[in-house]
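Letter by letter, the chains look like this.
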Amino acid sequence: MARSIKKGPFVDLHLMKKVDAVRGTNDKRPIKTWSRRSTIVPDFVGLTIAVHNGKQHIPVYITENMVGHKLGEFALTRQFKGHSADRKTSGTPTGTPAPAPAPAPGAAPAAKK
């Protein structure tokens, strides 16, 4: 369920203080935060925020399209390493050869030996 409009977007107070301090000094260093639950507000646009993913801080450059989303959406907590090595190489059942590709239209017929 979405948050009430009456309440407004949730932003941790300590993060908002850091953003205000950086806006005043025009500093380009990333703001380090553990607050994945904070909503991105228009004040964040143009800043780089390093969001903790449980292991390290992932730098996230905030753009206008991100406003309204949560910081945690842009710092993934799981890394997909692929499925197991037991995967099919073709869609044909084992033991049957794959059909030969059809010749291109207008191509010269192959020479027979």
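See above for the structure.
The present account deals with the structure reproduced in this document. Please read these numbers as outputs of a predicted model, since none were measured by experiment. (Residues numbered from 1 in each chain as written. Predicted model: local features only at pLDDT ≥ 70, side-chain atom pairs only at ≥ 80, totals over all residues. Heavy atoms only, no water.)

A cluster of basic side chains, namely Arg3, Lys6, Lys7 and Lys70, defines a positive patch on the protein surface. Along the chain, the position of arginine 3 falls in the segment before helix H1 (13–25). (Patch = residues over 30% accessible without salt bridge, like charges linked within 9 Å, V, L, I, M, F, W, Y side chains within 5 Å. Areas by Shrake-Rupley, 256 points an atom, 1.4 Å probe, with all protein chains shown as cover. Salt bridge = Lys/Arg side-chain N within 4 Å of Asp/Glu carboxyl O. Lys, Arg positive; Asp, Glu negative; His and termini not counted. Charge placed at Lys NZ, Arg CZ, Asp CG, Glu CD. Helix = DSSP H or I, 4+ residues; strand = E, 2+ residues; numbered from the N terminus.)

Time to look at the sheet that holds strand S2 (residues 48–52). Read from one edge to the other, the open sheet built from three strands follows the order S1-S2-S3, with strand pairing classed as mixed. Only two strands of the sheet have a single partner each, and these edge strands are strand S1 (31–33) and strand S3 (57–61). Between one strand axis and the next, the sheet turns through 25° on average, direction left out of account. Where S2 meets S3, five bridges bridge the pair, whose relative direction is antiparallel. (Pairing = 2+ DSSP bridges. Axes fitted to C-alpha atoms, helices over the stretch in contact; angles between N-to-C directions.)

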